[in-house]
Amino acid sequence: AQNSMFKGNERMDAFKLKMNWNQEELEQWALAARQKEEDSLALARYAKADEAKIRELTLQIEKMMAETQAKRAELEAEVTDTQAQQIVLDK
């Protein structure tokens, strides 16, 4: 009777140990799931910030290209004017 009681206690201890291990495993899984969710949210924030920066830089590029075209046109007008004045001076 004492032997079967000892075996019963051993089985009970093994069961408790297994249950405790399962609880720890579940807690680890929950922690990993929370971390993954936090990572996903951080990634979404970074992607949103990147998209805003891309829009900002694209607008900057468009503005600079327009300025470059205006300066080029201004330069061409100056070159034409200078050439015209040179022709007048050469006569």
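Attention in this report is confined to the structure presented alongside it. Throughout, a residue's number is its position along its own chain's written sequence, starting from 1. Where local features are concerned, this predicted model is filtered to residues with pLDDT of at least 70; where side-chain atom pairs are given and counted, the filter is 80 or more; whole-chain, interface and lining totals use all residues. Water and hydrogen atoms were dropped before computing side-chain values, which therefore reflect all heavy atoms in the structure.

### Points about the overall build of the protein
Then comes step 1: A count of helices and strands for the protein gives one helix and zero strands.
Then comes step 2: Here the C-alpha atoms of the protein give a radius of gyration of 39 Å, more than 25% beyond the 12 Å that 2.2 N^0.38 yields for 91 residues.
Then comes step 3: C-alpha extents for the protein along the principal axes are approximately 130 × 15 × 5 Å.
Then comes step 4: Burial classes: relative accessible area under 20% of the type maximum marks a residue as buried, over 50% as exposed, and values in between as partly exposed (1.4 Å probe, protein chains only). Residues classed as buried in the protein amount to 1% of the 91 residues present.
Then comes step 5: In this description, accessible areas are obtained by the Shrake-Rupley approach with a 1.4 Å probe, and a residue is regarded as covered only by the protein chains that are shown. Counting every atom, the protein has about 9,000 Å² of accessible surface; 60% of that belongs to carbon and sulfur.
Then comes step 6: If the 14 positive side-chain charges of the protein are averaged to one point and the 18 negative ones to another, these points end up 9 Å apart. The secondary structure listing takes helices from DSSP runs of H or I that are at least 4 residues long and strands from runs of E that are at least 2 residues long, numbered from the N terminus. Just to be clear, the radius of gyration here is over C-alpha atoms, and the globule rule we use is 2.2 Å times residues to the power 0.38. When charges are counted, Lys and Arg contribute as positive and Asp and Glu as negative, whereas His and the chain ends are disregarded. Taken as the charge location is NZ of Lys, CZ of Arg, CG of Asp or CD of Glu.

### What to know about the pattern of salt bridges
Then comes step 1: One speaks of a salt bridge when a side-chain nitrogen belonging to Lys or Arg is within 4 Å of a carboxyl oxygen belonging to Asp or Glu. Using the criterion set out here, one finds one salt bridge in the structure.
Then comes step 2: Here lysine 53 ties to glutamate 56 by a salt bridge, and the two come within 3.6 Å at their closest N and O atoms. Within this pair, lysine 53 and its partner glutamate 56 are both found in helix α1 (residues 2-90), separated by three residues, close to a single helical turn.

### Points about a nonpolar patch on the surface
Then comes step 1: On the surface, Met12, Phe15 and Met19 cluster together into a nonpolar patch covering about 310 Å² of accessible area.
Then comes step 2: On the secondary structure map, methionine 19 appears in helix α1.
Then comes step 3: We classify methionine 19 as partly exposed; its relative accessible area is 43%. Each patch groups residues whose relative accessible area exceeds 30% and which form no salt bridge, using 9 Å between like charges and 5 Å between nonpolar side chains of Val, Leu, Ile, Met, Phe, Trp and Tyr.

### Focus on the environment of glutamate 62
Then comes step 1: Assignment of secondary structure puts glutamate 62 in helix α1.
Then comes step 2: Here glutamate 62 falls in the partly exposed class, since its relative accessible area comes to 47%.
Then comes step 3: Put simply, glutamate 62 and leucine 75 are 13 residues apart on the chain and 20 Å apart in space, counted from C-alpha to C-alpha.

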